[in-house]
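# A look at the structure
Residues per chain are reported as follows:
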Amino acid sequence: MLLKQDFNTHLYPELIDAISREDDTLLDDAIAAAEQEAKGYLSRYDLDTLFAATGTDRDAALMMRLKDMAVWHYIVLANAGTDLELRKTRYDEAIKWLILIQSGKVWYKDWPLPPSYNSEGQGDLFQVTSQPKRDTRY
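What you see is a predicted model, and the numbers here were worked out from it, not measured in a lab.

### Quick word on the packing of helix H2 (residues 25-39) against helix H4 (residues 60-74)
Between H2 and H4, the least distance of the axes is 8 Å, while the angle of their chain directions is 130 degrees. The orientation of H2 relative to H4 falls into the category oblique. Considering how the two elements wind past one another, H2 and H4 form a crossing that is right-handed. Residues Leu26, Leu27, Ala30, Ile31, Ala33, Ala34, Glu35, Glu37 and Ala38 of H2 lie in contact with H4, whose contacting residues are Leu66, Met69, Ala70, His73 and Tyr74. For the contact of H2 with H4, the class distribution of residues is 11 nonpolar, one polar and two charged.

### Regarding the packing of aromatic side chains
For the structure shown, the criterion picks out six aromatic pairs. When the ring of Tyr45 is compared with that of Trp111, the centres are 4.9 Å apart and the planes differ by 70 degrees; the resulting orientation is edge-to-face. Of the two residues, Tyr45 is situated in the loop between H2 and helix H3 (47-52) and Trp111 in the segment after helix H5 (84-103); the sequence distance between them amounts to 66 residues. Pairing Trp97 with Tyr108 gives two aromatic rings, centres 5.9 Å apart and planes at 65 degrees, and the pair type is edge-to-face. Here Tyr108 lies in the segment after H5 and Trp97 lies in helix H5, a separation of 11 residues in the sequence. By relative accessible area, which is 9% here, Trp97 ends up buried.

### Details of the side chain of Arg44
Among the structural elements, Arg44 can be located in the loop between H2 and H3. Its relative accessible area of 16% is what places Arg44 among the buried residues. Among the polar contacts made by the side chain of Arg44, one reaches the main-chain carbonyl oxygen of Gln102 at a distance of 3.0 Å.

### Quick look at the packing of H4 against H5
In a packed pair of helices, the relevant descriptors are the angle between the two axes and the axis-to-axis distance. Running from amino to carboxyl end, H4 crosses H5 at an angle of 135 degrees, the nearest separation of the two axes being 9 Å. By the angle class used here, H4 and H5 are oblique. Crossing of H4 over H5 shows left-handed handedness. Together, Ala61, Leu62, Met64, Arg65, Asp68, Met69, Val71, Trp72 and His73 of H4 and Leu84, Arg87, Lys88, Arg90, Tyr91, Glu93, Ala94, Ile95, Trp97 and Leu98 of H5 make up the contact between the two elements.

The rules behind these values
- Residues numbered from 1 in each chain as written.
- Predicted model: local features only at pLDDT ≥ 70, side-chain atom pairs only at ≥ 80, totals over all residues.
- Heavy atoms only, no water.
- Axes fitted to C-alpha atoms, helices over the stretch in contact; angles between N-to-C directions.
- Helix = DSSP H or I, 4+ residues; strand = E, 2+ residues; numbered from the N terminus.
- Parallel < 35°, antiparallel > 145°, perpendicular 65-115°, else oblique.
- Left-handed = near helix turned anticlockwise from the far one by under 90°.
- Contact = heavy atoms within 4.5 Å.
- Nonpolar A, V, L, I, M, F, W, Y, C, P; charged D, E, K, R; others polar.
- Phe/Tyr/Trp six-rings, centres within 6.5 Å; stacked < 30°, edge-to-face > 60°.
- Buried < 20%, exposed > 50% of the residue type's maximum accessible area, 1.4 Å probe, protein only.
- Polar contact = N/O pair within 3.5 Å; in protein donor to acceptor, adjacent residues only side chain to side chain.

Right, here's the structure in full:
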């Protein structure tokens, strides 16, 4: 889903080159780690379809969060002039966003549902919640 040229919005090309030292597999590994991590939170959607999108069919919000996560995984090799605190904050925000999606508080209508979901919007995904425990005093 993510490509090396997608990172021009998050890191300057010279910083990418300084960290990688001409080893493109390092960025590829960071991309793969970010995508796998995100997939763990997005099980309510059809992951094969969502992550197989290319070009302008890719979801902009998902791309931004994946880039934040991949950059964090990538810069652990060397910060090479990037603000680590900013990158850590962006990574944490991406994880919080994924948790909101996982909990059902954020729902993307245009994202593909898994094949097990039927046309009435019912499938094998469910969520159970309860009211907070109340302390009663007599």
